[in-house]
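Architecture and fold: a report
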Amino acid sequence: MGPESSWMFDFTGTVIPIFLVVMVGIIAVSAGRGILQWSRNNSSPLLTVPARIVSKRSEIRQQQDEGISSRTTTTYFLTFELSGGNRMEFRVDGHEFGISVEGDTGSLTYQGTRYHGFQRQHLYSTVEGG
C-alpha cells in the first residue's frame, strides 16, 4: 500500500466519522434549542398589552430543485412597540401582514416568543355631510 491508500484509509476511517458526529451534534443542539424555546413559551403567561406596529418586513428565500424548477417562500414579520418602549418582533402569516399598517395601535397578545394576535383599535370618523 502506498501513501495514497493510507490517506484514503485515514479519510474514511477518521474524517468521515468525525464529520458525522459533528453533524449529529449540530442537529441535536438545534432540536434541543427548539424544544427548550417551546417549553419556555408554554410556561410563559399569555399577555395582552397595548402596542403599536412600528415596522413590517418580509424575508424571501428561493430554493433551486436540480436546476429544473425553483420554489420561493416568503416569511413575514411585524415589529411592535410596547408602552414602555420595548420592541418585539413576531413572525406572522401573509394575511396578517397584508392587513397591518405601520402606526396601527391596539392590543397585542403573545406568549413568550409566540404571537397570538393583534386586535386593532378602530378609529371612527364623524364627518358630517353639508
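Refer to the structure presented above.
Thresholds applied
Residues numbered from 1 in each chain as written. Predicted model: local features only at pLDDT ≥ 70, side-chain atom pairs only at ≥ 80, totals over all residues. Heavy atoms only, no water. Phe/Tyr/Trp six-rings, centres within 6.5 Å; stacked < 30°, edge-to-face > 60°. Helix = DSSP H or I, 4+ residues; strand = E, 2+ residues; numbered from the N terminus. Buried < 20%, exposed > 50% of the residue type's maximum accessible area, 1.4 Å probe, protein only. Lys NZ or Arg CZ within 6 Å of the ring centre and 35° of its normal. Pairing = 2+ DSSP bridges. Axes fitted to C-alpha atoms, helices over the stretch in contact; angles between N-to-C directions. Salt bridge = Lys/Arg side-chain N within 4 Å of Asp/Glu carboxyl O. Core = buried A, V, L, I, M, F, W, Y, C linked by side-chain atoms within 4.5 Å. Contact = heavy atoms within 4.5 Å.

Turning next to the packing of aromatic side chains. Under the definition given, this model contains six aromatic pairs. Ring geometry for F90 against Y110: centres 5.7 Å apart, planes inclined by 40°, an arrangement best described as tilted. Of this pair, F90 sits in strand β3 (residues 87-92) while Y110 sits in strand β4 (residues 105-111), and the two are 20 residues apart along the sequence. Judged by its relative accessible area of 2%, F90 falls in the buried class. The ring of F97 has K56 sitting right over it, with the charged end atom 4.4 Å from the ring centre.

Backbone hydrogen bonds are what pair the strands of a sheet, in a parallel or an antiparallel way. If you walk across this open sheet you meet the five strands as β3-β2-β1-β4-β5, and the pairing is antiparallel. Across the chains shown, the open sheet's two edge strands, defined by having one partner strand only, are β3 and β5 (114-120). The sheet shows a mean angle of 35° between the axes of neighbouring strands, taken without regard to direction.

To continue, consider the pattern of salt bridges. Going through the model one piece at a time under the given rule, you end up with seven salt bridges. Connected through shared salt-bridge partners, R57, E59, R61 and E89 make up one network.

Let us now look at the nonpolar core. Counting 13 residues, the largest nonpolar core has F80, F90, L108, Y115 and F118 as its most contacted members. Discounting residues that sit within four places of it in the chain, F80 has contacts with A51, R52, I53, V54, N86, R87, M88, F90, L108, Y115 and F118.

Turning to the pairing of strand β1 (residues 47-65), a few remarks are in order. Summarising the sheet, β1 and β4 pair through six bridges and their orientation is antiparallel. Across the sheet, the residue bridging to R52 is T105, located in β4. Sheet topology places β1 next to strand β2 (residues 69-82); 14 bridges connect them, and they run antiparallel. Across the sheet, residue A51 finds its bridge partner in β2, namely L82.

In short, shape yes, function no, at least from these values alone.
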